[in-house]
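# Geometric and topological summary
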Amino acid sequence: MYNFQNQNSTQTLEEGLQEFYSINSNFKKLSEKKDNPYARVFKEHDYTHVLFGLGTSIEEESLLDSYVVWGAKFNWRLIWGFYRDPEYKVVLDEIISKYGGWVSIFKIYTSLIPLKFKVFRKCLKMKKRWNYHNISDNDLNKTLKELREEYNIQLLSVDEIPVGRYLKSA
């Protein structure tokens, strides 16, 4: 378990992002590409990984989608543009291939419906929705514990998430 995955982590959001990038250095490079207008959206997505305490396995990505849809305010047009961007499409294609294609991805997502429903219930208890695109310097300097208390964000336990169950055998 990483520090940012602890419900009461005293890391700031920015420190949590640095820990996240220490285990996902290729994501840091993508989020800092100055010549790509969607680099900012990629970084905003990475902040949600930290805030909601989820890594980058397919299971965690699926659950993060649920946290974002139900627990964040975001601009669909920006998100859609991000997923259509050729540079980021390469990353998505690698993930899809790693897990055996779209049919397998669909099966993974549907198998997680009970956990997704649990995330949905957690999001209903949030005091307010996370502002996906407008993260203030003040928020970056708050501890994850403070942010999670402010929004009433309850993380899933890392033990609940079936990480690695779906990796395509080599």
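Here's a quick rundown of the structure. Predicted model only: the values in this text are computed from it and were never measured.

## So, the packing of helix H1 (residues 13-23) against helix H3 (residues 39-51)
Two elements in contact, H1 and H3, have axes whose closest approach is 9 Å; the angle formed by their N-to-C orientations is 100 degrees. Between H1 and H3, the angle is such that the two are roughly perpendicular. On H3, the residues that touch Leu-13, Glu-14, Gly-16, Leu-17, Phe-20 and Tyr-21 of H1 are Lys-43, Asp-46, Tyr-47, His-49, Val-50 and Leu-51. Its residues placed into classes, the contact of H1 with H3 shows seven nonpolar, two polar and three charged.

## Some details on the side chain of Ser-62
Within the element layout of this structure, Ser-62 appears in helix H4 (residues 58-71). The class of Ser-62 is buried, set by a relative accessible area of 0%. Among residues more than four places away in sequence, those in contact with Ser-62 are Tyr-109, Leu-112 and Lys-116.

## Details of the layout of surface pockets
Reported here for the largest pocket is a volume of approximately 560 Å³. Listing elements by their share of the lining of the largest pocket, those giving two or more residues are H3, H4, helix H5 (76-84), helix H6 (86-98) and helix H7 (102-111). With seven residues, H6 is the largest single contributor of residues to the lining of the largest pocket.

## Notes on unusual backbone geometry
Even without glycine at this site, Asn-152 takes up a positive phi of about 60 degrees. As for its placement among the helices and strands, Asn-152 is situated in the segment after helix H10 (144-151).

## Description of the nonpolar core
Within the largest apolar cluster, 44 residues are counted, with the highest numbers of intra-cluster contacts made by Leu-13, Phe-52, Tyr-67 and Trp-130. Elements with a contribution of two residues or more to this core: H1, H3, H4, H5, H6, H7, helix H8 (113-124) and H10. In terms of residue count, H3 provides more of this core than any other element does, six residues in total. If sequence neighbours within four positions are ignored, Leu-13 has contacts with Tyr-47, Val-50, Leu-51, Trp-130, Ile-135, Asp-139, Leu-140, Lys-142, Leu-144 and Leu-147.

## Considerations on a nonpolar patch on the surface
Taken together, Val-69, Trp-70 and Trp-76 make up a surface patch of nonpolar side chains, about 360 Å² in accessible area. Tracing the sequence through the fold places Trp-76 in helix H5.

## Details of the side chain of Glu-61
As for its position among the elements, Glu-61 is in helix H4. Of the side chains bearing the opposite charge, Lys-98 lies closest to the buried Glu-61, which forms no salt bridge; the N-O distance is 9.8 Å.

Rules and cut-offs
Residues numbered from 1 in each chain as written. Predicted model: local features only at pLDDT ≥ 70, side-chain atom pairs only at ≥ 80, totals over all residues. Heavy atoms only, no water. Axes fitted to C-alpha atoms, helices over the stretch in contact; angles between N-to-C directions. Helix = DSSP H or I, 4+ residues; strand = E, 2+ residues; numbered from the N terminus. Parallel < 35°, antiparallel > 145°, perpendicular 65-115°, else oblique. Contact = heavy atoms within 4.5 Å. Nonpolar A, V, L, I, M, F, W, Y, C, P; charged D, E, K, R; others polar. Buried < 20%, exposed > 50% of the residue type's maximum accessible area, 1.4 Å probe, protein only. 1 Å grid on protein atoms, 1.4 Å probe; cavity = no way out; pocket = protein on both sides within 12 Å on 5 of 7 lines; lining within 4 Å. Points joined across faces, edges and corners; volume = space filled by probe spheres on them. Core = buried A, V, L, I, M, F, W, Y, C linked by side-chain atoms within 4.5 Å. Patch = residues over 30% accessible without salt bridge, like charges linked within 9 Å, V, L, I, M, F, W, Y side chains within 5 Å. Areas by Shrake-Rupley, 256 points an atom, 1.4 Å probe, with all protein chains shown as cover. Salt bridge = Lys/Arg side-chain N within 4 Å of Asp/Glu carboxyl O. Lys, Arg positive; Asp, Glu negative; His and termini not counted.

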